[in-house]
Amino acid sequence: MVSERIAHTTCPFCEALCGLAITVKGPEIISIRGDRDDPLSKGHICPKATALEDVHTDPDRLRGPVKRVGSDWVEIGWDEALQMSADRLGAVQRTHGFPAVAMYLGNPVAHKYSAALGAQVLGDVMHTPNRYSASTVDQAPHMFAAWQMFGNALRMPIPDLDRCRHLVVLGANPVVSNGSIMTAPDIKGRLKGIQDRGGSIVVIDPRHSETAAVADRHHAIRPGTDPLMLLAWVHVLFAEGLVRDGVTMTGVEELRALVEPWTPEQVADSTGLAPDTLRALVRAHAAETEGAALYARLGACTQQFGTLAAWLVYAISALTGNLDRPGGLMWTTPAFDLAEIGTAWGMGGSWGRWRSRVGDVPEFNGELPAAAMADEMTTPGERQIRALITVAGNPTLSTPNGRRLRAETDGLDFFVAVDPWISATSAQANLILPPVSHLETDHYGFAFHAFAVRNTAKYDGPVFPPPDGALDDWDILVGLAERIAKQSGHPKARADRLRTAAAKKLGARGLLELGLRAGPHGLRRPFGPRLSVKKLERSEHGVDLGELQTGRLGKPVAVAPEPMRQDLSRLEASFADGDLTGRLRLIGRRQLRGCNSWLHNSERMLRGKQRRCTLMMHPDDAAEAGVVDGKPVRVSSRVGSVEVPVEVTDEVMPGVVSLPHGWGHGDTDAQLAVARKAGGVSINDLTDETAVDRLSGNAALSEVVVDVAPA
Ligand SMILES: Nc1nc2c(c(=O)[nH]1)N[C@H]1C(S)=C(S)[C@@H](COP(=O)(O)OP(=O)(O)OC[C@H]3O[C@@H](n4cnc5c(=O)[nH]c(N)nc54)[C@H](O)[C@@H]3O)O[C@H]1N2
Ligand SMILES: Nc1nc2c(c(=O)[nH]1)N[C@H]1C(S)=C(S)[C@@H](COP(=O)(O)OP(=O)(O)OC[C@H]3O[C@@H](n4cnc5c(=O)[nH]c(N)nc54)[C@H](O)[C@@H]3O)O[C@H]1N2
Ligand code: SF4
Ligand SMILES: [Mo]
């Protein structure tokens, strides 16, 4: 008789890294619970954790590679699939050159250490400037600012949530998203902790979000105007003598001069924030001497001047003495030191080594904007994209003007997708290479431990053994790299072959081991136990490495970097153009039971009252547009239009409409029975691929001009 056992793992769906205790019996999942002994999550989980079972058992999830033949999908063997991919990609490289093959890495890569390492191995042998990822529809502005100010794109500071007394949340909705660049399981509990300590929480957001609902104050701000508000914020700090001692800074006088013209009065009409309100906000934040954290995320990033917003947020933290101090913004001490290792991978910061051919946007950190991909596919020339590899990405639903990208991917010479499903994007591919289920692989939160409000480390083995012959992302990506390097005519092909062979020999786990040993809790640790994968394996709940420490940066903070100073003139020009008010602006929203575009095939994840694809619109705007609550409306932007039911609500400020993202599978060739039935429309059929932040290349998803009319 098979007995029950409890397996420990970590939820892979969001950045919170919740520890799970899964009761299994043979191949069956009996229950999924939070692991109370996890030093970070302490038993917390959200409703999404149970979707692990649905993902694992989903009949639509591919169990082996498939090849597209006309509109049918035919199963093929792994060897044939990998060899065919390498041959077809190699042919494109030989005919059109190495830049003709593009790579796009999606968000789940950051949630799976072995996929990230494998993508690195494959990326090295591809030698292509056409590299893209979900970073440029997400956090690239924070990375650019961190690079310029702190010397490393991956050294992004995070709010020291558990000691902070005053939290300002700008363009983030952690109560629903569970936090981003801030790994903090049980975010609601931690936010309440601030209030219980006598502190307060302020939310600045165009929508009265779920986080605003638990905050002490909410201020509505017009989408895309955060940099203007923040310039005025810094102006007030200097004007009122609120600058405090803290980290050593360079560029303070330059910054003072830059913000001189930006008074609260100057930006009030654009931002929608009254000068007195803004001054009160600035004073309250500066007055908190026990630790105040100004935390900005997605809504503040996905703007045309997203990097200016990220820069000013960090600068304000430095100027008010709230950077690198308990309760303010701090740096972590992760066992796998992402910033250091990322530098070796070329992700520490680089800019402008090449540019997008249309739109002329500089490369950042080795990547071009995801928003530029369709243009790079259609524009003739040496670097035209003719073939594509996607790894854990769904860019045709998740990047701007996805409908156009879907059309263009159809015209490629060859497209291979590494994905467990026939998704909106992979349905366009010639071949789909599926990894094993999330429960059949090991786990180490290499990216998110580096942004966690407490230093911890946890390694989990697979909950179930992988099925015979099945491959994981690592095997697929390294297998592809090996075959491509073998036939490559690149001058560095020999070195590529040696490196790939060495990586294969070590395995993902071996590389993780090297990373842990090289890290601050490994061999460099002066005394006490030194971490290794083996040691972590023996601590099934993970190990606690203590609260965040000061002094991690060890160099002055540059508060007025040159690229930002230059970009300010672009902001000034756009400000002078006016046109920040008057038209409707579309913003996005996340839903608790969602995970970008990919948990829609779970019935369970489609329940819940907020889980509907509706356009939120303020009653005044609805009256003016002549639309009625619950009825379908047509939403149109420069790039397209969609039809969707309207939800008339004063949750959004006047002039702003909101649609959730990740929907619209039914409008594509995705073979996801439940997701197709769920319907909805893709917000990215409205977002504009020409609107990007010129510094980081990030898409401006948060301020799309739209018209709404009865359908
Ligand atoms: N308008 C608008 N657009 C947005 C956003 C927004 O707020 N508004 N948010 C943006 C953000 S923050 C992000 S991160 C991007 C996400 O953009 P993407 O990363 O491109 O897309 P996802 O929707 O996360 O889809 C992930 C894909 O990975 C697959 N997958 C899941 N697990 C694995 C795995 O273990 N291995 C492999 N190989 N594949 C796997 C899934 O099947 C799915 O197809 O979307 C962005 N797009
Ligand atoms: N349930 C769930 N959780 C998720 C995800 C998911 O899809 N579903 N996705 C995960 C991913 S990949 C990420 S990156 C994180 C993101 O997590 P967060 O950074 O918390 O992002 P959102 O939840 O989209 O919240 C963004 C907020 O910004 C507001 N906003 C929009 N435009 C503007 C603006 O111009 N200015 C200001 N100040 N605010 C604005 C929106 O109204 C919204 O409340 O969430 C992660 N967690
Ligand atoms: S908060 Fe995030 S990590 Fe935790 S259970 Fe929910 S989805 Fe998983
Ligand atoms: Mo993201």
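Computed from a prediction, not measured in an experiment: that's the story for all the values here. (Residues numbered from 1 in each chain as written. Chains lettered and ligands numbered in written order. Predicted model: local features only at pLDDT ≥ 70, side-chain atom pairs only at ≥ 80, totals over all residues. Heavy atoms only, no water.)

Engineer: Before we go on, may I ask you to explain the sheet that holds strand E13 (residues 292-296) in this structure?
Structural biologist: Read from one edge of the open sheet, 4 strands run E11-E10-E9-E13, paired in parallel fashion. Every other strand in the sheet has two partners, leaving strand E11 (217-219) and E13 as the edge strands with one partner each. For this sheet the average axis-to-axis angle between neighbouring strands, irrespective of direction, equals 15°. Taken together, the 3 bridges between strand E10 (residues 200-204) and E11 define a ladder with parallel strand orientation. Across the sheet, Val203 pairs through a bridge with His218, a residue of E11. (Pairing = 2+ DSSP bridges. Helix = DSSP H or I, 4+ residues; strand = E, 2+ residues; numbered from the N terminus. Axes fitted to C-alpha atoms, helices over the stretch in contact; angles between N-to-C directions.)

Engineer: When you look at the environment of Val214 in this model, what are you seeing that I'm missing?
Structural biologist: Its place among the elements puts Val214 in helix H7 (residues 210-214). Spatially, the C-alpha atom of Val214 lies 35 Å from that of Met249, the residues being 35 residues apart in sequence. Every residue in contact with Val214, bar those within four places of it in the chain, is listed here: Val175, Lys188, Leu191 and Gln195. (Contact = heavy atoms within 4.5 Å.)

Engineer: Is there a simple way to think about the packing of aromatic side chains in this case?
Structural biologist: Two numbers describe a pair of aromatic rings. These are the distance of the centres and the angle of the planes. Per the stated rule, a full pass over the model turns up 10 aromatic pairs. A centroid spacing of 5.5 Å and a plane angle of 70° characterise the contact between Phe13 and Trp598, whose relative ring orientation is edge-to-face. Of this pair, Phe13 sits in the loop between strand E1 (4-10) and strand E2 (19-25) while Trp598 sits in the loop between strand E25 (584-589) and strand E26 (615-617); the two residues are 585 residues apart in sequence, bridging distant segments of the chain. Pair check on accessibility: Phe13 and Trp598 agree, each one buried. One aromatic cluster is present, built from ring pairs that chain together Phe144, Trp147, Trp351 and Phe364. (Phe/Tyr/Trp six-rings, centres within 6.5 Å; stacked < 30°, edge-to-face > 60°. Buried < 20%, exposed > 50% of the residue type's maximum accessible area, 1.4 Å probe, protein only.)

Engineer: I keep staring at the pattern of salt bridges and nothing clicks. Help me out?
Structural biologist: One side chain can pair with another of opposite charge once the charged atoms of both are near each other. Counted under the stated rule, the structure contains 41 salt bridges. Among the salt bridges present, the one from Arg404 reaches Glu689, with a minimum N-O distance of 2.8 Å. Within this pair, whereas Arg404 is found in helix H17 (residues 402-410), its partner Glu689 is found in the loop between helix H23 (673-678) and strand E30 (704-710), the two being separated by 285 residues in sequence. One salt bridge connects Arg565 with Glu562, and the closest N-O pair in it is separated by 3.5 Å. Residue Arg565 and its partner Glu562 are both found in helix H21 (residues 562-576); the two are separated by 3 residues, about one turn of the helix. (Salt bridge = Lys/Arg side-chain N within 4 Å of Asp/Glu carboxyl O.)

Engineer: Where do I start with the domain arrangement of the chain in this structure?
Structural biologist: Put simply, an interface is often sized by how much accessible area is lost when its parts join up. When its domains are assigned, the chain resolves into domain 1 (4-57), domain 2 (66-138 + 336-546), domain 3 (144-331) and domain 4 (578-710). Domain 2 and domain 3 are separated by 33 Å when their C-alpha centres are compared. Taken together, the contact pairs 19 residues of domain 2 with 22 residues of domain 3. Across the domain 2/domain 3 interface, buried area totals approximately 1,600 Å², and carbon plus sulfur atoms make up 63% of it. (Domains from an automatic or database assignment. Buried area = accessible area lost by both parts, 1.4 Å probe.)

Engineer: Would you mind going over the site of ligand 1 with me for this structure?
Structural biologist: Near ligand 1 lie 29 residues; those nearest to it are Tyr104, Asn107, Ser398, Asp473 and Ser597. For ligand 1, an oxygen atom lies 2.7 Å from a polar atom in the side chain of Asp419. Taking Asp473, its side chain carries an N or O atom lying 2.7 Å from a nitrogen atom of ligand 1. Among the residues making up the shell around ligand 1, the classes are represented as 14 nonpolar, 10 polar and 5 charged. When residues of the shell around ligand 1 are assigned to domains, at least three map to each of domain 2 (66-138 + 336-546) and domain 4 (578-710). (Near = heavy atom within 4 Å. Polar contact = N/O pair within 3.5 Å; in protein donor to acceptor, adjacent residues only side chain to side chain. Nonpolar A, V, L, I, M, F, W, Y, C, P; charged D, E, K, R; others polar.)

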